[in-house]
Amino acid sequence: MRKIVIAGNWKMFKTRSESEDFLRGFLPHLEETPSEREVVLCPPFTDLSVMSKYLHGSLIQLGAQNVHWEENGAYTGEIAAPMLTEIGVRYVIVGHSERRQYFGETDATVNLRLKAAQKHGLIPILCVGETKQQRDAGETEKLITTQLEKDLVDVDQNNLVIAYEPIWAIGTGDTCESKEANRVIGLIRSQLTNPNVSIQYGGSVKPNNIDEIMAQPEIDGALVGGASLEADSFARIVNYQ
Ligand SMILES: O=C[C@H](O)COP(=O)(O)O
């Protein structure tokens, strides 16, 4: 049985007090959420500690947006797994396209981060997906196959979530057709040794398209950016029909 995981990636949004405001509005909505759905919030690092206190005992899990492969060291601007686990973080996003595009993340560093996360008991959410140019050139399958081959070397597939995020759909309002997302996610699944890995769709997921997305048989959840920033909007998403 594959787990449904719906994660909000807040990216570089929300101060600590804004994160508290969000939770005050969001937590009451979870009374309607079926308990088998895993709801994850991935705020900026500065919000994690305070959110951890609010979320203790709730059904929400905390996620981080990055993790380094060393346990500590002279790596300015990075964060280590023990710093995250000590404050109750359970998930971590790895290989998001914004990090691959703007911060020099490579498949090699993605692989190191995935293994370090798992070693410390964090569940990584590995992001893969193609650019518009790659899609138009018919290279989607090839690109994703290469990412999976390189990123997943020696990674435990029993402790992993994958997010298919076509880059052209991120923050654009240009959602991938749900049937096409389902097709690509099926392709991803066919390349895994563990077919029960939860695979999310990400890219302009909104309250008005979540029901259709989640109705697709291969799609096990969503990685939500912009629409996770507002309590009512993210509540509608986690409480999809
Ligand atoms: O991590 C989330 C994704 O990048 C999707 O962002 P978006 O929902 O704003 O398109």
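Predicted model only: the values in this text are computed from it and were never measured.

## Some points on the sheet that holds strand 5 (residues 123-128)
Logical step 1: Pairing is parallel in the closed barrel, where eight strands are placed in the order 1-2-3-4-5-6-7-8. Taking the axes of each pair of neighbouring strands and ignoring which way they run, one obtains an average angle of 25° across the sheet.
Logical step 2: As defined by bridge partners, strand 2 (residues 37-42) adjoins strand 3 (residues 60-64) across three bridges and the pair is classed as parallel. Its bridge partner lying in strand 3, leucine 41 is registered against leucine 62.
Logical step 3: Strands strand 5, strand 6 (161-164) and strand 7 (198-202) of the sheet are contacted by helix 8 (residues 178-190), whose axis makes an angle of about 145° with strand 7.

## Re the site of the ligand
Logical step 1: Taken together, the neighbourhood of the ligand is formed by 13 residues, with Lys11, His96, Glu165, Gly171 and Ser204 sitting nearest.
Logical step 2: Between the ligand and asparagine 9, the relevant distance is 2.9 Å, taken from an oxygen atom to a side-chain nitrogen or oxygen of the residue.
Logical step 3: Residue histidine 96 places a side-chain N or O atom 2.8 Å away from an oxygen atom belonging to the ligand.
Logical step 4: About the coverage of the ligand: the protein hides 97% of its 310 Å² of free accessible area.
Logical step 5: The residue makeup of the shell around the ligand, split by class, is four nonpolar, seven polar and two charged.

## Details of the packing of helix 1 (residues 16-26) against helix 2 (residues 45-55)
Logical step 1: Two elements in contact, helix 1 and helix 2, have axes whose closest approach is 9 Å; the angle formed by their N-to-C orientations is 30°. By the angle between their directions, the pair helix 1 and helix 2 is classed as roughly parallel. As helix 1 packs across helix 2, the resulting crossing turns out to be right-handed. Of helix 2, the residues touching helix 1 (which contributes Arg16, Ser19, Glu20, Leu23 and Arg24) are Thr46, Asp47, Val50, Met51, Tyr54 and Leu55.
Logical step 2: Of the residues assigned to the contact of helix 1 with helix 2, the class counts are five nonpolar, two polar and four charged.

## Overview of the UniProt feature "binding site: substrate" (unreviewed entry) in the chain
Logical step 1: The UniProt record annotates "binding site: substrate" (unreviewed entry) at Asn9, Trp10, Lys11, Gly171, Ser204, Gly225 and Gly226. In three dimensions, the annotated residues from a span of 218 residues occupy one location, with a maximal C-alpha spread of 14.0 Å.
Logical step 2: Within the element layout of this structure, asparagine 9 appears in strand 1 (residues 4-9).
Logical step 3: Residue class for asparagine 9 comes out buried when judged on its relative accessible area of 5%.
Logical step 4: Contacts of asparagine 9, omitting those with residues within four sequence positions, involve Cys42, Gln65, Ile93, His96, Leu223, Val224, Gly225 and Ser228.
Logical step 5: At 3.0 Å, the side chain of asparagine 9 and the backbone nitrogen of lysine 11 are in polar contact.
Logical step 6: Turning to its location among the elements, glycine 225 is positioned in the loop between strand 8 (221-224) and helix 10 (231-238).

## Here's the deal with the state of the cysteines
Logical step 1: Considering all chains together, one arrives at zero disulfides under this definition.
Logical step 2: The structure places no disulfide on cysteine 127, whose sulfur is separated from the nearest cysteine sulfur, that of cysteine 42, by 9.3 Å.
Logical step 3: The class of cysteine 127 is buried, set by a relative accessible area of 2%.

## A few points about the nonpolar core
Within soluble globular proteins, side chains that are nonpolar tend to cluster in buried spots.
Logical step 1: In terms of nonpolar packing, the biggest core is built from 62 residues, with Phe26, Leu126, Leu152, Ile162, Ile188, Tyr201 and Phe234 touching the most fellow members.
Logical step 2: The biggest single contributor to this core is helix 10, with five residues.
Logical step 3: Of all hydrophobic cores here, the second largest spans 12 residues; its members include Val5, Val40, Cys42 and Ala163.

What counts and what doesn't
- Residues numbered from 1 in each chain as written.
- Predicted model: local features only at pLDDT ≥ 70, side-chain atom pairs only at ≥ 80, totals over all residues.
- Heavy atoms only, no water.
- Pairing = 2+ DSSP bridges.
- Helix = DSSP H or I, 4+ residues; strand = E, 2+ residues; numbered from the N terminus.
- Axes fitted to C-alpha atoms, helices over the stretch in contact; angles between N-to-C directions.
- Contact = heavy atoms within 4.5 Å.
- Near = heavy atom within 4 Å.
- Polar contact = N/O pair within 3.5 Å; in protein donor to acceptor, adjacent residues only side chain to side chain.
- Areas by Shrake-Rupley, 256 points an atom, 1.4 Å probe, with all protein chains shown as cover.
- Nonpolar A, V, L, I, M, F, W, Y, C, P; charged D, E, K, R; others polar.
- Parallel < 35°, antiparallel > 145°, perpendicular 65-115°, else oblique.
- Left-handed = near helix turned anticlockwise from the far one by under 90°.
- UniProt positions renumbered as here; feature names shortened; annotations may be inferred.
- Buried < 20%, exposed > 50% of the residue type's maximum accessible area, 1.4 Å probe, protein only.
- Disulfide = S-S within 2.5 Å.
- Core = buried A, V, L, I, M, F, W, Y, C linked by side-chain atoms within 4.5 Å.

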